[in-house]
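Inside the fold
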Amino acid sequence: MPYRVNVVNWQQAKSQLKSVREKVFVCERRIPYEVEFDRNDRRAHHVLVVDEDSKEPVATGRITNQGELSRICVVISKRKSPIGKQVIDTLLDIARKNNLKEVYINSSLDAVDYFLKHNFRTQGSVFMEAGLPRQRMVCPLQKIDFKRFYLSH
């Protein structure tokens with residue numbers, strides 16, 4: 001499946017971003033609409049993935065200027081594809097471009113193992129958010145300075 005990953009702002013892609021998040025979070029996960037869409041939407045950097053064939057939005061995620069990753073979701077028909085990883089990688093690229101040293105996510109418990117595979121580590125205890133148990137996870141964004149290494153063969 002060919003798809004396009006875009007970094008978008010809320011105003012330009014609001015309807016497409018909402019479309020994906022309503023399907024995944026409001027309908028599937030039963031997150032109240034007023035909780036799902038908050039004031040951070042207007043200020044965050046958003047990633048939107050669009051299926052090139054159907055032109056339908058299939059995934060999204062956002063990152064705040066403080067380094068909080070959230071609202072990462074992929075429609076059910078595309079979850080076996082690598083789109084979720086592409087969303088995370090793009091959000092991490094945004095964080096690096098904004099010179100953040102670390103990012104974090106308040107992960108649902110069923111996604112902890114997924115984020116552990118992507119260099120996140122757990123921090124603190126499980127807590128409740130929007131009526132669901134969550135685990136804070138952090139990921140350092142270190143750049144490797146190859147000038148510090150002497151390479152030989």
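Before reading on, note that the structure itself is shown above.
These notes cover the structure that comes with them.

The rules behind these values
Residues numbered from 1 in each chain as written. Predicted model: local features only at pLDDT ≥ 70, side-chain atom pairs only at ≥ 80, totals over all residues. Heavy atoms only, no water. Patch = residues over 30% accessible without salt bridge, like charges linked within 9 Å, V, L, I, M, F, W, Y side chains within 5 Å. Areas by Shrake-Rupley, 256 points an atom, 1.4 Å probe, with all protein chains shown as cover. Salt bridge = Lys/Arg side-chain N within 4 Å of Asp/Glu carboxyl O. Lys, Arg positive; Asp, Glu negative; His and termini not counted. Charge placed at Lys NZ, Arg CZ, Asp CG, Glu CD. Helix = DSSP H or I, 4+ residues; strand = E, 2+ residues; numbered from the N terminus. Pairing = 2+ DSSP bridges. Buried < 20%, exposed > 50% of the residue type's maximum accessible area, 1.4 Å probe, protein only.

**Re a positive patch on the surface**
Taken together, the side chains of Lys14, Arg39, Arg42 and Arg43 define a basic patch exposed on the protein surface. With respect to the element layout, Arg42 can be found in helix 3 (residues 40–43).

**Points about the pairing of strand 8 (residues 132–140)**
Judged from the seven bridges that link them, strand 5 (residues 102–108) and strand 8 form a sheet pairing that is antiparallel. When the bridges of strand 8 are listed, Val103 appears paired with Cys139. The sheet contact formed by strand 6 (residues 121–122) and strand 8 spans two bridges and is antiparallel. Pairing of Thr122 across the sheet is with Met137, part of strand 8. Two strands pair when backbone bridges link them, and strand 7 (residues 127–129) and strand 8 are joined in this way by three bridges, in the antiparallel orientation. Each bridged residue has a counterpart across the sheet, and for Glu129 the counterpart in strand 8 is Leu132. Hairpin geometry of strand 7 and strand 8 is characterised by an intervening segment of two residues between the two adjacent antiparallel strands and by a positive phi of about 55° at Ala130.

**Some thoughts on the pattern of salt bridges**
Oppositely charged side chains are able to pair whenever their charged atoms sit close together. Enumeration according to the criterion identifies 13 salt bridges in this entry. Among the salt bridges present, the one from Arg29 reaches Asp110, with a minimum N-O distance of 3.5 Å. With Arg29 in the loop between helix 1 (10–28) and helix 2 (33–36) and Asp110 in the loop between strand 5 and helix 5 (112–116), this pair connects stretches of sequence that are 81 residues apart. Looking at Arg29, the relative accessible area reads 38%, which means it is partly exposed. Of the charged contacts, one joins Arg71 and Asp38 as a salt bridge, the two residues approaching to 3.1 Å between their closest N and O atoms. Pair noted here: Arg71 is in strand 4 (residues 68–74) and Asp38 is in the loop between helix 2 and helix 3, with a separation of 33 residues, a long-range link. Residue classification places Asp38 among the partly exposed positions, given a relative accessible area of 25%.

Spatial relationships are all this shows, so hold off on functional conclusions.
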